[in-house]
Amino acid sequence: MNSMDIAYQVAETLSKHVTDVVMCPGSRNSPLAYALLARRDITVHMRIDERSASFAALGMARVQRRHVGVVMTSGTAVANTLPAMVEAHMAHVPLAVISADRPEWMVGTGASQTIWQQGIFGHYARTQQVTTVEDARALDFSDAQVHVNVALDTPLVPEALPEPVGQPRRVGPGRLSTKPAWRDHGAVDVDLTKDTLVIAGDEAWDVPGLEHVPTIAEPTAPTPFHQVHPLEARFFAQSEVSISHDGGDFAASTKPEQVIVVGHPTLHRDVMALLADPDITVIGISRTDTFTGNPQLRGSRVNATGQPRQQWITICEAAGGVGANTVRDALADADYGFTGMHVAAAVCDTLGVGDTLVLGASNPVRDASFVGMPFDGVPTVSPRGAAGIDGTVSQAVGVALATQRLHPDEIRAPRTVALMGDLTFLHDAGGLLIGPGEPHPGNLTIVVANDDGGGIFETLEVGAQSVRDDFERAFGTRHGVDVEKLAEAYGVDYRRAETLAELHEVLLELETQPNPITVVEACTTRSTRRALAQRLQK
């Protein structure tokens, strides 16, 4: 079977499902490269590292809500895409890996760069093996995660470059997008006259009937009407407290009778502790097979009756105000210096409607939650499935590319702002490597809160004084990397801020005079993070 014929059909089938493919160079996948580069209806993004390529595709898919392809050669090149595939599966984001392979008779013979690629993704994506044109024509993209393994034999190069195929496509808002294959778990009856608190996490949506219920919302959730600060989770764990509100004092029952979990919350331990309280009825609302915690009732919709008590709303508003004021008061205290939470506040305070925010794992997404996210008009994405800090720079690049593709008529590309820690940035700095002839983001600011190590661990059990002697080597992991030189090596702009005022100035300047990609290094301290966290918990 002619390898070019198979590759042409794979590209033809792909054109019906994807508008973008991220491809890495290789010999075995050269037929796929020739076939895809001939397509005028598929935009090809070249990368040299399969891991970064797959996370860039994942970032694009988060915005497009349809499959984005990743194409690579055989061997461990395929294995390098496993982290992105796992994140895609856990976060319910469509992703298609198209791997070139040796002919099946060569597998297990010791041939160079030949491994068992069929089934390599295990639980996370089933393999569709392609050995004929008919196999390529019958490819199935009904699953969110797709693995197409294409066995290609020599010759791998056509006698001449193929003629262009297809017509360029305009990818605007809502076009060519695929609706997620949500699951419907039915409806749950909810009596809102009972004191009710909603916890909205990643993948949450505006559930009809719950619009006016007080809500603790994580940054990637929709902005609620009655937003409650996450610091107040401990407040709601108590049976009764004394409250001052509008000049009066009163004792009130503050423990909710029921908590409704929408989506997949994971960020705050005190919030999650409410789900384990035996005195609280937990109701899970999900459109996937994932239900956080162990809810007694499960569904995808609610049949809501009654309305929240005005006193309950008053209690929640008072508590939310205390939480927000506590954070801002702490940030105004000079004793804590310039921390990652200060950086998060500066980033969030300078966002505008129409911006897109990408939040790195660990401290940044939690800090953004403490300083006021979410708010309307700023789509927010964060790697919340399983990847942690893995691939965050590449995902930010993918998000920026996909976002600007949705607004092709704007004179200036819409702004994407990414906030991440230094370890997250260094872990995926290769995501900045984009060739000079490739599509580039037009307006991406990457803010790196650099405290020279793992600031998240300062606030956890491993940061306690009793085990501090091993902290710096095992968890702090100082690196001393010169971020400016790293940015220069990748050919991106660089700015530096050593104070909150300097950071505000830089961010506001970049808002009016953007660069394609700018790395903003905020030089922070983590020596006060534990004390800051303890103050907020009180």
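Residues numbered from 1 in each chain as written. Predicted model: local features only at pLDDT ≥ 70, side-chain atom pairs only at ≥ 80, totals over all residues. Heavy atoms only, no water.

**Here's the deal with the pairing of strand S1 (residues 20-23)**
Burial along S1 is two-sided: Asp 20 and Val 22 and Val 21 and Met 23, pointing in opposite directions, are all buried. Here S1 runs beside strand S2 (residues 43-46); their pairing, made up of 4 bridges, is parallel. Looking at S2, one finds that Asp 20 is bridged to Thr 43. Once you follow S1 into helix H2 (residues 30-37) and on to S2, the crossover reads as right-handed. Taken together, the 3 bridges between S1 and strand S3 (residues 69-72) define a ladder with parallel strand orientation. Bridging across to S3, Val 21 finds its partner in Gly 69. (Buried < 20%, exposed > 50% of the residue type's maximum accessible area, 1.4 Å probe, protein only. Helix = DSSP H or I, 4+ residues; strand = E, 2+ residues; numbered from the N terminus. Pairing = 2+ DSSP bridges. Right-handed = clockwise from strand over helix to strand, strands pointing away.)

**Some points on the UniProt feature "domain: Thiamine pyrophosphate enzyme TPP-binding" (unreviewed entry) in the chain**
According to UniProt, the feature "domain: Thiamine pyrophosphate enzyme TPP-binding" (unreviewed entry) maps to residues 391-518 in the numbering used here. Between the end C-alpha atoms of residues 391-518 there is a gap of 18 Å, over a span that is 36% helix and 16% strand. (UniProt positions renumbered as here; feature names shortened; annotations may be inferred.)

**Observations concerning the pattern of salt bridges**
Following the criterion strictly, the structure yields 29 salt bridges and no others. When the shortest N-O distance is used, the salt bridge between Arg 126 and Asp 140 registers 2.9 Å. Of the two residues, Arg 126 sits in the loop between strand S4 (95-101) and strand S5 (127-130) while Asp 140 sits in the loop between helix H6 (133-137) and strand S6 (145-151), which places them 14 residues apart along the sequence. You can call Arg 126 partly exposed: its relative accessible area is 41%. Residues Arg 478 and Asp 452 are paired through a salt bridge, measuring 3.5 Å at the closest nitrogen-oxygen approach. Placement of the pair is Arg 478 in the loop between helix H14 (471-476) and helix H15 (483-489) and Asp 452 in the loop between strand S19 (444-450) and H14, with a sequence separation of 26 residues. Through salt bridges with shared partners, a single network forms among Asp 452, Glu 458, Arg 468, Glu 472, Arg 478 and Arg 526. (Salt bridge = Lys/Arg side-chain N within 4 Å of Asp/Glu carboxyl O.)

**Considering the sheet that holds strand S20 (residues 493-497)**
With parallel pairing, 6 strands are arranged side by side in an open sheet as S17-S16-S18-S19-S21-S20. The open sheet is flanked by strand S17 (380-381) and S20, the only strands paired with a single partner. Summarising the sheet, S19 and strand S21 (residues 517-523) pair through 7 bridges and their orientation is parallel. Residue pairing across strands places Thr 445 opposite Thr 518, the latter belonging to S21. Here helix H12 (residues 392-405) sits on the sheet and contacts strand S16 (356-359), S17, strand S18 (416-421) and S19; the angle it forms with S18, its principal contact strand, is near 170°. (Contact = heavy atoms within 4.5 Å. Axes fitted to C-alpha atoms, helices over the stretch in contact; angles between N-to-C directions.)

**Here's the deal with the sheet that holds S5**
Here we have 6 strands laid out as an open sheet, ordered S2-S1-S3-S4-S6-S5, and parallel in their pairing. Among the strands making up the open sheet, the edge pair consists of S2 and S5. Between one strand axis and the next, the sheet turns through 20° on average, direction left out of account. Alignment of S4 against S6, held across 7 bridges, turns out to be parallel. In the strand pairing of S6, Ile 98 is matched with Val 148.

**Examining empty space enclosed by the protein**
In the structure shown here, the tally under the stated rule is 2 cavities of 30 Å³ or more. Taken as a whole, the largest cavity spans an internal volume of roughly 50 Å³. What lines the largest cavity is simply Trp 182, Asp 202, Glu 203, Gly 263, His 264, Ser 286, Arg 287, Thr 288 and Thr 290. Residue composition of the lining of the largest cavity, grouped by class: 1 nonpolar, 5 polar and 3 charged. Taken together, Arg 62, Val 358, Val 381, Ser 382, Pro 383, Gln 395 and Val 399 form the lining of the second largest cavity. Tallied by class, the residues present in the lining of the second largest cavity amount to 4 nonpolar, 2 polar and 1 charged. (1 Å grid on protein atoms, 1.4 Å probe; cavity = no way out; pocket = protein on both sides within 12 Å on 5 of 7 lines; lining within 4 Å. Points joined across faces, edges and corners; volume = space filled by probe spheres on them. Nonpolar A, V, L, I, M, F, W, Y, C, P; charged D, E, K, R; others polar.)

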